[in-house]
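# Structural overview
Below, each chain spelled out in residue letters.
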Amino acid sequence: MREHTPNTVYLRDYTPPDYLIETADLFFELDEENTRVTSRLRVRRNPESPGEHRELELNGEELVLESIRLNGRNLNAPEYRLTEESLVLPGVPDRPFDLEIVTRINPKANTALEGLYLSKGMFCTQCEAQGFRKITYFADRPDVMAKYTTTIVADKSRYPVLLSNGNRIATGELKNGRHWVKWEDPFKKPSYLFALVAGQLECLEDRYVTGSGKEVTLQIFVEKHDLDKCDHAMQSLKNAMRWDEENYGREYDLDLYMIVAVSHFNMGAMENKGLNVFNTKYVLARPDTATDADYEHVEGVIGHEYFHNWTGNRITCRDWFQLSLKEGLTVFRDQEFSADRTSRAVKRIDEVNMLRTRQFAEDAGPLAHPVRPESYIEINNFYTLTVYEKGAEVVRMIQTLVGKEGFRKGTDLYFQRYDGQAVTCDDFVKCMEEASGTDLGQFRRWYSQAGTPELHLAADYDAANRVLNLTVRQTCPPTPGQPAKDPYHIPLALGLLAPDGTELPLQLEGETESHAQKSRVLDVKEREQRFRFVNLSEKPVISALRGFSAPVRLRMDRGYQELAFLFAHDADPFNRWDAGQELATQAILDLVNRFAKGETPETIDSHLTDAYRKVISQDWSDLSYLALLLTLPSEDYISASMKIIDPDAVHNARQAVKLELAGVLASEFRRLYETYHTDEAGRFDAEAVGRRRLKNVCLAYLSEQETNEAHRLSAKQFRDARTMTDQISALSAIVNGHNPEKADCLAEFYERWQEEDLVIDKWFTLQATCHLPGTLDRVKELLTHPAFDLKTPNRVRSLIGAFSQANPVNFHAPDGAGYEFLADHVIALNVLNPQVAARMLTALTPWRRYDAQRQKLMRQQLQRIAGTENVSKDVYEVAMKSLS
C-alpha cells in the first residue's frame, strides 16, 4: 500500500503562476535508453501573481538532472533543491532571465506512455495532462503559455522522419549518420500541447485551400504497411476544415497540419498544435479492415482534434478543473459535425445511449463529480464521460437557451476576446450571456453540481375547459460531498400529440396565439412548476424531453399502450426511439419480476411484438434509424432502471424477449435481410451504411433461433463478406451461439488478419463479450495468446476491458471470479501503466448497486487493490473513493 496519502488539489486554491515562460528552446538528442534534453527558457515574473516570491518551482518527474545554468552561470547543488516531483531555484532575479536545464530520460523504460516513450521503435510523446514534466523541468500547467522551438537530433537510418509542432524551419546532416531538424511554432501554447515524433514513417500528403485562399499542406504519417488505410482520414480532415469555416468562421492558422498514427497510446488522440498524435484506431480504415462504425469514429475523432485548434489550443483552459471548457465544447462541435455528415437522428441516439448507460452510472456512483470538478488527486482520472459527454450536453443546452444565432455570436465573441489566453468555463458562459442577452446565472449550476437531475411530470386534462395542466418537479440525488442540490435551469423540449398522431398547437395560458413550432422549450427553474396549455380540443399524449433537450432522467407514468403509440407516431426521432426503448425495457423488467416469482411465461406482452411489426411495415428512408428502432436496449441500459441490479435475471429476460421477437417476426426479418443483403464494398454513404446496419440487425435476430438455416446464413455471410462490417457482424452471431463452425470461423479470421492489429483487437473483443458460459476461461486462455500484450493499451481494452465493461452476465458471475480476474490485472497494470489500470478499475466502482453477496466480493477486490504495495495515485484515488 502507499506509504503516504497523496495530496489533494483543490480548485479553491488556484493562484496565478509566480513566473511565466516566454520562450522555450528545446534540443533533443534521441537515444532509446538515454535521451538528452536541453531546454533554454526565457523566464519572467508574472505581474498578476500575488506576493513577492523570488523562488521558481518547476515540475519534473523521473528525470536525471545533468546541469543548470542561470543567465550563463552554472548552478551548484546548494543553489537549488531537488525533490521527486520538482526543481526549486530560490533567489532568482526580479528581471527576466535565461535558464538552461539539461536532463536525461529513458524512453524505453516508459511503459506509462506519458512524456517521451517508444512505440514499436518509434519515439512519440503524450504530454496532456502532466506528461511534459517527464521530459524536462518546466512550469507544467496550462496557464503558462510559451513560444516553442524544437531541434531534434537522431540516427538518420533508424529515424528518418523527425517531427514537432509548428513549421519546419531548418534541417542538416551530422557525422556518424545522424541528422537534425528544427521546428518553430509561432503561437504560444501550454506545455501539454508539445509533441515530438521520430521514426520510420511513410506520409500521405494532400493540400487544402481555405476560404480566404490560403494553401495548407496536410500530412498523415503511418507505418509503411498502413499507408493504404489513410485516405478516409485525409478526406475527413478536409471535411472538418471546411465545416469549421462554414459553421464557426474558423480557418486553420499554420501552413502545415500533421497527423501521426501510433499503436501504443493511452487515449484516442491528442490535439498537439500542428502535430496531432492519434491512436491508430482513429486513423486507419479500409473497407475490408474497418467497420462502418470505425469509419464514422475516424471522421468524428479527426474532426474533434482539428476543432481543438481553436477550442483548446488558441484558447486553452486556465487550470485542469476547467477541462470541460475545451473538451465539452469540442465534443459538442464534433457531434454536430458528425450529425451533418451522417444521420442526425442516429447520431443523437448514439450519444444519448452512451450518456444514459455510462455517464449516468458515473453520476450515480462514488466517483460522481461536477462537469467542473472541485478537487482531484490525479488529474488523469478526470478525463471522464462527465467532463466530456455531459460537458457537451451543457454546451448543447446553452445553444438551446440562447438560440443558434445567439450561440454563434457567443462563440465569435469568445474567440475574439480570449484568443491566445488560458481561461475558465465561466468566461465562456459570460460570452454567451453578453452576445445573446440571456441570463445564465442559474444555469451555471450545471458546472458546479454533480449528479443526474430527475424530472417528474404529471399531467391532468380538463376536457370542459380544453386545458392540459402539466406539473413539473425536479430533484437531484445526493452525490459525494453534495448532499443537497439547488434547482437547475433545465430546458424541457415538449410536443403534444392528438389521438391520430398529429401534432397539436402549443399555447400556454396568457399567450394570444399558439407556438408556431411543433415543439417548444419550457424553462424549468423551480423545484416545482405548473404549465397550463390551452385550446386543446382533445386529450393529448405528451412527447417530453424531445431531442433529449437536457441530460436528465425523465419520470412519467406511461404504460404499454401510450409508449406503443409514441413509438408508432412521435414525429421527434429521438423520442420515437426512446418510447420503443422504454416499451422494451418494461417488457423485459416485467419478465424479470415474473421469473423472480417462479413463473415461466411462454410469451411476452403483445404490445411489443405488435409495435415492432408496425414499425417494420412502414416505409423508411433512413435505414440506420430503423435498425436502431429494432434494437433492444442493452443490459446496462435496462439495469439502470433497477434499484438492485440482478445481472443474470436481466440477461435471461432480455434473451427471452429477443428470442420471442425473432420467432414471431422471423418472416419479416428474413425478408429485410434478403432485400438488403447486397455487395456494396467500398461504399460508405448513408444509404449503404443503413442497408448494412439493418441487414445485420436482422441477422442477429435470425441467429437467435439456432436453426440450421440460421447457422448456414451467418457462416456464409462470414466467408463471403467483402466488408469488415458484414464479416464481424456474422462472426458475432456465430460466436454468441452454438454454430458448429464457430471454432473454424474464429481460426480462419485470425489466420487471415493476424498482421492487422486493429482487426485482431476485434477478434479478442468478440470472444471477451460472448454471453455464453465459459467465457472467462476463454479470456484467461487468450491472455497467453502470442498476440496479447499487457503493455499495449488497445489490446488491454479489447480483452480485459471488453470482458469487464461489456459482458455483465459473465463479469458479474455470482462466484466473484470476474472481479478477482479484473483485480489481478489492475494490480499488474498499476506497475506498467497506472492510467490504463485506473480506467479498468472503474468496472468495480458501482458495487453498491448489486446484491449483498456481489457487493461483498467486489468490495474485497477494491480493498485488495487499494492495499497493494506502491499503488499509483491513479489507482489509489479510484479505489479509495469507491470504498468511501
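Above this text you will find the structure in question.
This text gives an overview of the structure that appears in the document. These numbers were taken from a predicted model, which means no experiment stands behind them.

### Overview of the overall build of the chain
When helices and strands are tallied, the chain shows 26 helices and 31 strands. Once the C-alpha set of the chain is aligned to its principal axes, its extents read approximately 90 × 70 × 60 Å. Expressed as a percentage of its 884 residues, the buried residues of the chain come to 60%. Restricting the contact set of the chain to residue pairs at least 6 apart, pairs at least 24 apart contribute 71%. Total accessible area computed for the chain in this model is approximately 34500 Å², and 46% of it derives from carbon and sulfur atoms.

### Here's the deal with the pairing of strand S16 (residues 196-199)
Side chains Leu196 and Ala198 of S16 all project onto a buried face; the interleaved residues Val197 and Gly199 project onto the opposite face, where all are buried too. Pairing between strand S11 (residues 122-126) and S16: two bridges, direction antiparallel. Within the sheet, the bridge partner assigned to Phe123 lies in S16 and is Ala198. The pairing of strand S13 (residues 161-164) with S16 spans four bridges and is classified as antiparallel. Within the sheet, the bridge partner assigned to Leu162 lies in S16 and is Ala198.

### A few points about the sheet that holds strand S9 (residues 97-105)
Judged by pairing direction, the sheet is mixed, and its eight strands sit side by side in the order S6-S5-S9-S3-S2-S12-S15-S14 without closing on themselves. Looking at which strands have only one partner, the edges of the open sheet turn out to be strand S6 (73-74) and strand S14 (167-173). In the sheet, strand S12 (residues 145-155) pairs with strand S15 (residues 178-190) via 10 bridges, with the strands oriented antiparallel. Looking at S15, one finds that Met145 is bridged to Pro190.

### Things to note about the sheet that holds strand S27 (residues 490-497)
Spatially, the three strands line up as an open sheet ordered S28-S27-S30, and their pairing is antiparallel. The open sheet has two edge strands, strand S28 (520-524) and strand S30 (541-544), and neither has a second partner. Across the sheet, the mean angle separating the axes of adjacent strands is 40 degrees when strand polarity is ignored. Where S27 and S30 come together, four bridges link them in antiparallel fashion. Residue pairing in the sheet places Leu494 in a bridge with Ala544 of S30. Docked against the sheet, helix H8 (residues 560-569) engages S27 and S30, running at close to 65 degrees with respect to S30.

### A short note on the packing of helix H19 (residues 757-768) against helix H21 (residues 793-806)
Running from amino to carboxyl end, H19 crosses H21 at an angle of 10 degrees, the nearest separation of the two axes being 8 Å. Considering the angle they form, H19 stands roughly parallel to H21. On the side of H19, the interface is formed by Asp757, Leu758, Ile760, Asp761, Phe764, Thr765 and Ala768, while H21 contributes Asn794, Arg795, Ser798, Leu799, Ala802 and Phe803. Its residues placed into classes, the contact of H19 with H21 shows seven nonpolar, three polar and three charged.

### Here we look at the pattern of salt bridges
Tallying each qualifying case throughout the model produces 83 salt bridges. Among the salt bridges present, the one from Asp851 reaches Arg854, with a minimum N-O distance of 2.7 Å. Judged by relative accessible area, Arg854 falls into the buried class, the value being 6%. The partner of Glu877 in a salt bridge is Lys881, with the nearest N and O atoms 3.0 Å apart. Within this pair, Glu877 and its partner Lys881 are both found in helix H26 (residues 873-883), separated by four residues, close to a single helical turn. Take Lys881: its relative accessible area is 27%, and that puts it in the partly exposed class. Each of Glu336, Asp340, Arg344, Arg348, Glu351, Glu393 and Arg396 takes part in a single network of salt bridges with overlapping partners.

### Examining unusual backbone geometry
Trans peptide bonds make up the majority, and among non-glycine residues the majority have a negative phi. Put simply, Glu128 and Ala129 share a cis peptide bond, and its omega is 5 degrees. Mapped onto the secondary structure, Ala129 falls in the loop between S11 and S12. In this structure, Glu62 is a non-glycine residue whose phi angle is positive, near 60 degrees. The exposure class assigned to Glu62 is exposed, which follows from its relative accessible area of 61%. With a phi angle near 55 degrees, Lys120 is a residue other than glycine that sits in the positive phi range. Locating Lys120 in the fold gives a position in the loop between strand S10 (115-119) and S11.

### What to know about the nonpolar core
Ile398, Phe407, Tyr414 and Phe533 are the most contacted members of the largest nonpolar core, which totals 284 residues. For this core, the element with the most residues is helix H5 (residues 385-418), which contributes 14 residues. Residues within four places of Tyr414 in sequence aside, it is in contact with Ile315, Leu325, Leu329, Asp419, Val423, Phe428 and Cys431.

### Digging into helix H1 (residues 231-248)
Since there are 3.6 residues in each turn of an α-helix, residues three or four apart along the chain are aligned in direction. When the terminal C-alpha atoms of H1 are compared, their 26 Å separation across 18 residues agrees well with the 26 Å that a helix rising 1.5 Å per residue should span. Most of H1 is tucked away, with 13 of its 18 residues classed as buried. Backbone geometry just downstream of H1 places Gly249 in the positive-phi region, at approximately 65 degrees.

### Points about the packing of helix H2 (residues 292-307) against helix H3 (residues 323-341)
Across the interface, H2 lies against H3 with an axial gap of 9 Å and an inter-helix angle of 135 degrees. Here H2 lies oblique to H3, going by the angle between them. With respect to the hand of their crossing, H2 and H3 are arranged in right-handed fashion. Seen from H2, the contacting residues are Glu299, Gly300, Gly303, His304 and Phe307; seen from H3, they are Glu327, Thr330, Val331, Arg333, Asp334, Phe337, Ser338 and Arg341.

Thresholds applied
Residues numbered from 1 in each chain as written. Predicted model: local features only at pLDDT ≥ 70, side-chain atom pairs only at ≥ 80, totals over all residues. Heavy atoms only, no water. Helix = DSSP H or I, 4+ residues; strand = E, 2+ residues; numbered from the N terminus. Buried < 20%, exposed > 50% of the residue type's maximum accessible area, 1.4 Å probe, protein only. Contact = heavy atoms within 4.5 Å. Areas by Shrake-Rupley, 256 points an atom, 1.4 Å probe, with all protein chains shown as cover. Pairing = 2+ DSSP bridges. Axes fitted to C-alpha atoms, helices over the stretch in contact; angles between N-to-C directions. Parallel < 35°, antiparallel > 145°, perpendicular 65-115°, else oblique. Nonpolar A, V, L, I, M, F, W, Y, C, P; charged D, E, K, R; others polar. Salt bridge = Lys/Arg side-chain N within 4 Å of Asp/Glu carboxyl O. Core = buried A, V, L, I, M, F, W, Y, C linked by side-chain atoms within 4.5 Å. Expected span 1.5 Å × (residues − 1). Left-handed = near helix turned anticlockwise from the far one by under 90°.

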